[in-house]
Amino acid sequence: MKRTLVLITLVASLSTLYAQKVNVKKEFKFAQSQTDYMLQEIPKAESKPEQVSPRTFENGKLKLVVSKDWTSGFFPGILWYLYDYTKSPKWLEEAKKFTAKIEKEQFNKGTHDLGFMIYCSVGNAYRLTKDERYKPIIIQAAKSLSSRFNPQTGVIRSWDHHQDIWQYPVIIDNMMNLELLFDATKFSGDSTFYKLAVTHANTTMKNHFRPDYSSYHVVDYNPQTGAVNKKMTHQGYADESAWARGQAWGLYGFTLCYRETKDQRYLDQANHIAAFILNHPSMPKDLVPYWDYNDPAIPNTSRDASAAAITASALYELAGYANNKTYREKADAILSSLSKGYHSPKNQNGGFILIHSTGHRPAKSEIDVPLTYADYYYLEALLRSKKN
Ligand code: GLY
């Protein structure tokens, strides 16, 4: 009797554990079929020839963006991840084709988003093909990004728009662009990019975080003195709230800084951010956060699957550095939730994989929709779940 009870308990706990694990093979099969569908839909979308990458599916329409949009690199990146998993020449060809459309952004000095655009596309292209042609593109993009650094502030300027609201805005998302700088130093031997990335990370660590390790979305600096003018939000619920995707960008950003520098302070910062996210009282059981942890409308407001996917991907990496099994289990649980409750039905939503993300709620834009970066980080997390 006792032995039967032990056996039942064992089977029950094993099945709970198993239920938390996503079926990576099945997910990539689905991702491929959705992307096949998307490739058919792209030529049919109401778009201009210069609109090259799918961004979202909103109001029944597949929306494409021009190469200078901050999201343009994610679709090529998705194609690279499909190639990474399948090694199929078909995905290699598509990945090369869509990457080529945005390579010119290496010269773009008008935004900080070059990491997203060039690292997710060309960075993956180099990682997977080792084609030397891609290296100078990454170095040039790092030069363009570096042109936005001001030694007085110690940070890279994020945006040039809304000059009536701020002087020198820096957003937490900017941590994601540092990966490009670290690679540029490796490729060129020029340590300037590395030093600049570290300075940006240190200044961000000093000014962007609250005592509970949540982060402000925007910190505005005085470019002459380097003083902080104000701390505020743009895409979150309120200046003092914790915008969900911003917390995920911070987690991912400090994890990658630890990878590149092995500076303990970055690991500590990433651990603190992880604790804020994972222990937050408004985090739902399925670990897919509401778009802002402090929206008073919770639970009657939209989720952000993109924040969950970014968090899962970061946690897999952080789990290795922090030697923390719980991070891996949480990342597994997030992927399991996304695969169950956040999948698009087949051949719908323009071919996006995940639904239920929130882009810019205060602007009433992209609320409860698919977003290309949710899919990108979902595939990245699935790949990392196999390796970790
Ligand atoms: N980097 C812009 C966003 O996360 O919406």
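In case you missed it, the structure is sitting above this.
Residues numbered from 1 in each chain as written. Predicted model: local features only at pLDDT ≥ 70, side-chain atom pairs only at ≥ 80, totals over all residues. Heavy atoms only, no water.

1. Digging into the overall build of the chain
What counts is decided by this rule: Numbering of helices and strands runs from the N terminus; a helix is a DSSP stretch of H or I covering at least four residues, while a strand is a stretch of E covering at least two. The globule rule used here is 2.2 Å times the number of residues to the 0.38 power, and the radius of gyration it is set against is calculated over C-alpha atoms. Throughout, a residue-residue contact means that at least one pair of heavy atoms, one from each residue, lies within 4.5 Å. In this description, accessible areas are obtained by the Shrake-Rupley approach with a 1.4 Å probe, and a residue is regarded as covered only by the protein chains that are shown.
The helix and strand tally for the chain stands at 13 helices and 9 strands. Over its C-alpha trace the chain gives a radius of gyration of 20 Å, about what one expects of a compact globule, namely 21 Å for 388 residues. Principal axes of the C-alpha set define a box for the chain whose edges measure 75 × 50 × 40 Å. Restricting to contacts in the chain with at least 6 residues of sequence separation, those with at least 24 account for 64%. As displayed, the chain has an accessible area near 16100 Å², and 54% of this comes from carbon and sulfur atoms.

2. Re the sheet that holds strand E6 (residues 218–221)
Definition in use: Being paired, for any two strands, means DSSP has found at least two bridges between them. Axes here mean lines fitted to C-alpha atoms, for a helix over just the part in contact, with angles spanning 0 to 180 degrees between N-to-C directions.
One open sheet holds the 3 strands; their spatial order is E5-E6-E7, and the pairing between them is antiparallel. Two strands lie at the open edges of the sheet, namely strand E5 (169–171) and strand E7 (228–232), each paired on one side alone. Adjacent strand axes in the sheet meet at a mean angle of 20° when their direction is disregarded. As defined by bridge partners, E6 adjoins E7 across 4 bridges and the pair is classed as antiparallel. By the bridge assignment, Val-219 is partnered in E7 with Lys-231. Each of E5, E6 and E7 is contacted by helix H8 (residues 192–207), which is oriented at about 105° to E6, the strand it contacts most.

3. Overview of the state of the cysteines
Applied cut-off: Any two cysteine sulfur atoms lying within 2.5 Å of each other are counted as a disulfide. Buried means the residue's accessible area, taken with a 1.4 Å probe over protein chains only, is under 20% of the maximum for its type, while exposed means over 50%, and partly exposed covers the values in between.
Going through the model one piece at a time under the given rule, you end up with 0 disulfides. This cysteine, Cys-120, is not joined by any disulfide, and Cys-257 carries the nearest cysteine sulfur, 15 Å off. Owing to a relative accessible area of 1%, Cys-257 belongs among the buried residues under this scheme.

4. Quick notes on the environment of Asn-229
By secondary structure assignment, the location of Asn-229 is in strand E7. Residue contacts for Asn-229: discarding those within four places in its chain leaves Gln-167, Asp-220, Tyr-221 and Asn-222.

5. Section: the site of the ligand
The criterion, for reference: Nearness is judged by heavy atoms alone; a residue qualifies as near a molecule or strand once a single heavy atom is within 4 Å of it. In protein, a polar contact means a hydrogen-donor-capable atom and an acceptor-capable atom, both N or O and within 3.5 Å, with residues adjacent in sequence counting only if both atoms are side-chain atoms; elsewhere, any N or O pair within 3.5 Å suffices. Under the grouping applied here, Gly and all other residues not named as nonpolar or charged are polar, the nonpolar ones being Ala, Val, Leu, Ile, Met, Phe, Trp, Tyr, Cys and Pro and the charged ones Asp, Glu, Lys and Arg.
What surrounds the ligand is the set Trp-70, Asp-173, Gln-235, Trp-243, Arg-245, Trp-249 and Tyr-373. Here an oxygen atom of the ligand sits 2.8 Å away from a polar atom, N or O, in the side chain of Gln-235. One nitrogen or oxygen atom from the side chain of Arg-245 is found 2.6 Å from an oxygen atom belonging to the ligand. About the coverage of the ligand: the protein hides 94% of its 200 Å² of free accessible area. Looking at the shell around the ligand residue by residue, the class counts come to 4 nonpolar, 1 polar and 2 charged.

6. What to know about helix H10 (residues 264–278)
Test applied: In this analysis, the expected span of each helix is defined as 1.5 Å times one less than the number of residues it contains.
If you check H10, its first and last C-alpha atoms are 21 Å apart, about what 15 residues at 1.5 Å a residue would give, namely 21 Å. Three or more residues of H10 are buried, namely Tyr-266, Leu-267, Gln-269, Ala-270, Ile-273, Ala-274, Phe-276, Ile-277 and Leu-278.

7. A few points about the packing of H8 against H10
Let me state the cut-off plainly: Convention used here: angles under 35 degrees read as roughly parallel, angles over 145 as roughly antiparallel, angles from 65 to 115 as roughly perpendicular, and any remaining angle as oblique. Here is the rule for handedness: rotate from the far helix to the near one, and if that takes an anticlockwise turn smaller than a right angle the crossing is left-handed, while a clockwise turn gives right-handed.
Running from N to C, H8 and H10 cross one another at 45°; their axes reach a closest spacing of 12 Å. Considered as vectors, H8 and H10 are oriented oblique to each other. Here the hand of the crossing between H8 and H10 comes out left-handed. Contacts from Val-198, Ala-201, Asn-202 and Met-205 in H8 reach Arg-265, Tyr-266 and Gln-269 in H10. Across the contact of H8 with H10, the residue classes break down as 4 nonpolar, 2 polar and 1 charged.

8. A short note on unusual backbone geometry
Each neighbour pair has its own omega, and for Ile-298 with Pro-299 the value is 10°, a cis peptide bond. Looking at where Pro-299 falls in the secondary structure, it is placed in the loop between H10 and helix H11 (305–322). Positioned with a positive phi, Lys-87 is a non-glycine residue whose angle comes to about 60°. Tracing the backbone through its elements, the reader meets Lys-87 in the loop between helix H3 (74–86) and helix H4 (89–100). You can call Lys-87 partly exposed: its relative accessible area is 47%. Unusually for a residue other than glycine, Asn-347 sits at a positive phi of about 55°. As for its placement among the helices and strands, Asn-347 is situated in the loop between helix H12 (325–341) and strand E8 (357–360).

9. What about the side chain of His-217?
Mapped onto the fold, His-217 is located in the loop between H8 and E6. The exposure class assigned to His-217 is buried, which follows from its relative accessible area of 3%. Of the polar contacts made by the side chain of His-217, one reaches the backbone nitrogen of His-234; its length is 3.3 Å. Those residues in contact with His-217 that sit more than four places away from it in its chain are Trp-159, Val-170, Ile-171, Ile-172, Asp-173, His-208, Met-232, Thr-233, His-234, Gln-235 and Trp-243.

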